[in-house]
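Secondary and tertiary structure notes
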Amino acid sequence: MCQTPSQAAVVTGQPQQCSERPVTNGLAAAGCQSHDITPTLSTADQASLASAMQELLDERPLSPAEQQLRNEQLAHSYEACRKITAEYAKTFYFGTLFFPEEKRNAVWAVYTWCRRLDDIVDKPRKGTTSLRDELTEWRRRLNDVWRGRANDMLDLALVDTVKRYPDLSIQPFEDMIKGMVMDLDQNRFETFEELYVYCYRVAGTVGLMTMPIMGVAPGYTYEDALEPALALGVALQLTNILRDVGEDRARKRIYLPKEDLQRFNVSETALLKGLKDQKYVAMLKFQIERTREWYARAESGIPMLSEDARLPVAASLDMYSSILRKIEQNNYDNFNRRAYTAKWEKLMMLPRSWFRVRKYTTAAWHGQSHQRRVRTSHL
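Each chain carries its own residue numbering, running from 1 in the direction its sequence is written. Local features in this predicted model are restricted to residues of pLDDT 70 or higher, and side-chain atom pairs are both shown and tallied only at a pLDDT of 80 or more, whereas totals for entire chains, interfaces and linings draw on every residue. The side-chain values count all of the structure's non-hydrogen atoms but skip hydrogen atoms and water molecules.

**Focus on the packing of aromatic side chains**
Aromatic contacts are taken between Phe, Tyr and Trp rings whose centres are within 6.5 Å, Trp giving its six-membered ring; a plane angle under 30 degrees counts as stacked, one over 60 as edge-to-face, and the others as tilted. Tallied over the full model, the rule gives 14 aromatic pairs. Ring pairing ties together the aromatic residues Trp-113, Trp-138, Trp-146 and Phe-173, which thus form one cluster. We call a charge positioned over a ring when the NZ of a Lys or the CZ of an Arg lies within 6 Å of the ring centre and within 35 degrees of the ring normal. Over the ring of Phe-286 we find Arg-263; its NZ or CZ atom is 4.6 Å from the centre of that ring.

The structure is reproduced here in structure tokens:
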């Protein structure tokens, strides 16, 4: 049932026609409302503190006192990132707790950057001109991070993460900014190909951001694991879309492809009115099945990951994909009932995730033919 026309365009590098726009990114799993998550210091104090800390990040020998201060400030920055992740992405955060300390700190730093970008887009404003200016400034700040320069305390953690993981690429971060521009210009998608490009930019990029942090198992390369990592981000975003149909229709936004609505004879008017009839349920079942196939692709890459990254990814996959089952249990009413997995239910999933990870062996997958490589430079 699942098709990958847009994946072919992204993976093979073929040209793609698509307008640009966003929504909550794949890591923003909790779907919380936008808030100012910058630490409560004035802009001047943030800049002053970051400037002082920058001196300690520069490549030069540090005195014992300077090294201690550097460690304390970095710990403060990473802790702020942890709190932001725990507040705004509860399911994702729960999965990250199974990473070793250094890896989970790095993932929290990446998430915080994504969350702050999402908040730039979501905060109230009168027009789109100021948003475009803010996104341009955010892109400039991103370049500063890759030059080892921090603009505020939250940037410090990401600057340190980039230094610790030199294989981190700036491209998926830039592509996510492009995805955030998409919501300015487009609130409908004609085909799944268009939707896939959007999902890649706002969520699939997260997999590419975190792959260098997670690492790969012996016998595999970073390139081998890229497509499953990308698939997980796409699956998460497709899940967000299905979960949030009710909220999105209130904003007159429809993320479900027009070609799918037409295939099942579901009109935009009926969708915006929240009409749940047999045609809508049939269309939703199709969407759920397609999303599950994206999760299956993502799961195929778990044995390719380094051993200490498999359980966090498997647990996150299991917990987040359970939202699809919740939609089914809600009798496919995603207009009025929000699909939600309780914390106790997530805990009950852990043994299954653990046993599945235990049975993975890199040898079982080593003989598979290499999938097409992810190439996203054209996006």
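Okay, back to it.
**Brief notes about the side chain of Thr-239**
Each helix is a run of H or I in the DSSP string that is no shorter than four residues. Each strand is a run of E no shorter than two, and both are numbered from the N terminus. Position of Thr-239 relative to the elements: it lies in helix α10 (residues 222-243). Working definition: with a 1.4 Å probe on protein chains only, accessible area under 20% of the residue-type maximum means buried, over 50% means exposed, and in between means partly exposed. The buried category is assigned to Thr-239, whose relative accessible area is 0%.

**Here's the deal with the packing of helix α8 (residues 171-182) against helix α9 (residues 192-214)**
A pair of packed helices is characterised by two quantities: the angle between their axes and the separation of those axes. Every angle, taken between N-to-C directions, lies between 0 and 180 degrees, and every axis is a line fitted to C-alpha atoms, over only the stretch in contact when it is a helix. Two elements in contact, α8 and α9, have axes separated by 8 Å at closest approach and are oriented at 160 degrees. With respect to each other, α8 and α9 are oriented roughly antiparallel. Considering how the two elements wind past one another, α8 and α9 form a crossing that is left-handed. When α8 is examined against α9, the residues Gln-171, Pro-172, Phe-173, Asp-175, Met-176, Lys-178, Gly-179, Met-180 and Met-182 are found in contact with a partner set consisting of Tyr-198, Tyr-200, Arg-201, Val-202, Thr-205, Val-206, Leu-208 and Met-209. Orientation categories follow fixed angle ranges, with anything under 35 degrees roughly parallel, anything over 145 roughly antiparallel, 65 to 115 roughly perpendicular, and all other angles oblique. In a left-handed crossing the near helix is turned counterclockwise from the far helix by less than a right angle, and in a right-handed crossing that turn is clockwise. By the convention used here, residues are in contact when the closest approach between their heavy atoms is within 4.5 Å.

**Re the confidence of the model for the protein chain**
In predicted models, pLDDT denotes the confidence assigned by the predictor to each residue on a 0 to 100 scale. Summarising the model, the protein chain shows a mean pLDDT of 82, and 78% of its residues fall at 70 or more. Counting contacts from residues 1-36, a segment whose pLDDT is below 50, to residues more than four positions away or on other chains yields 139 contacts. Contacts from residues 362-379, a stretch scored under 50 in pLDDT, to residues over four places away or in other chains number 47 contacts.

**Examining the packing of helix α15 (residues 307-329) against helix α16 (residues 343-359)**
Between α15 and α16, whose axes approach to 9 Å, the crossing angle comes to 130 degrees. Considering the angle they form, α15 stands oblique to α16. Considering how the two elements wind past one another, α15 and α16 form a crossing that is right-handed. Touching Arg-310, Leu-311, Ala-314, Ala-315, Leu-317, Asp-318, Met-319, Ser-322, Arg-325 and Lys-326 of α15 are Glu-345, Lys-346, Met-349, Leu-350, Arg-352, Ser-353, Trp-354, Arg-356 and Val-357, all from α16. Residue composition of the contact of α15 with α16, by class: nine nonpolar, two polar and eight charged. Basically, the charged four are Asp, Glu, Lys and Arg, the nonpolar ten are Ala, Val, Leu, Ile, Met, Phe, Trp, Tyr, Cys and Pro, and anything else, Gly included, counts as polar.

**A short note on helix α14 (residues 278-299)**
For α14, which comprises 22 residues, the first-to-last C-alpha distance of 31 Å matches the rise-based estimate of 32 Å (1.5 Å per residue) to within 8%. For α14, the full list of buried residues reads Tyr-280, Val-281, Met-283, Leu-284, Phe-286, Gln-287, Ile-288, Arg-290, Thr-291, Trp-294, Tyr-295 and Ala-298. Regarding α14, its N-cap is Asp-277, as a side-chain oxygen of that residue lies 3.2 Å from the backbone nitrogen of Lys-279 further along. The span expected for a helix works out to 1.5 Å for each residue beyond the first. In protein, a polar contact requires one atom able to donate a hydrogen and another able to accept it; more generally it is a pair of N or O atoms within 3.5 Å, and residues adjacent in sequence count only if both atoms are side-chain atoms.

**Digging into the nonpolar core**
Counting residues in hydrophobic clusters, the biggest one holds 106 residues, and the most contacted among them are Trp-113, Leu-135 and Leu-256. Of all the elements, α9 adds the most residues to this core, at 14 residues. Here Trp-113 is in contact with Trp-138, Leu-142, Leu-158, Phe-173, Met-176, Ile-177 and Met-209, once residues within four sequence places are set aside. Phe-94, Ala-315, Met-319 and Leu-350 belong to the second-largest nonpolar core, a separate cluster that totals five residues. In plain words, nonpolar cores are sets of buried Ala, Val, Leu, Ile, Met, Phe, Trp, Tyr and Cys residues tied together by side-chain atoms within 4.5 Å.

**Brief notes about unusual backbone geometry**
Working note: non-glycine residues mostly have negative phi, and peptide bonds are mostly trans. Phi is positive for Asn-331, which is not a glycine, with a value near 60 degrees. Note on placement: Asn-331 falls in the loop between α15 and α16. Among the residues examined, Asn-331 registers a relative accessible area of 48% and is labelled partly exposed. Even without glycine at this site, Tyr-332 takes up a positive phi of about 65 degrees.

**A look at the pattern of salt bridges**
Salt bridges are counted wherever a side-chain nitrogen of Lys or Arg sits within 4 Å of a carboxyl oxygen of Asp or Glu. For the structure shown, the criterion picks out 28 salt bridges. Two residues, Arg-188 and Glu-268, come together in a salt bridge whose shortest N-O distance is 3.2 Å. Taken together, the residues Arg-188 in the loop between α8 and α9 and Glu-268 in helix α13 (residues 268-273) connect sequence positions 80 residues apart. The exposure class of Glu-268 is partly exposed, given its relative accessible area of 26%. Sharing partners across several salt bridges, the network here consists of Arg-70, Glu-102, Asp-160 and Arg-164.

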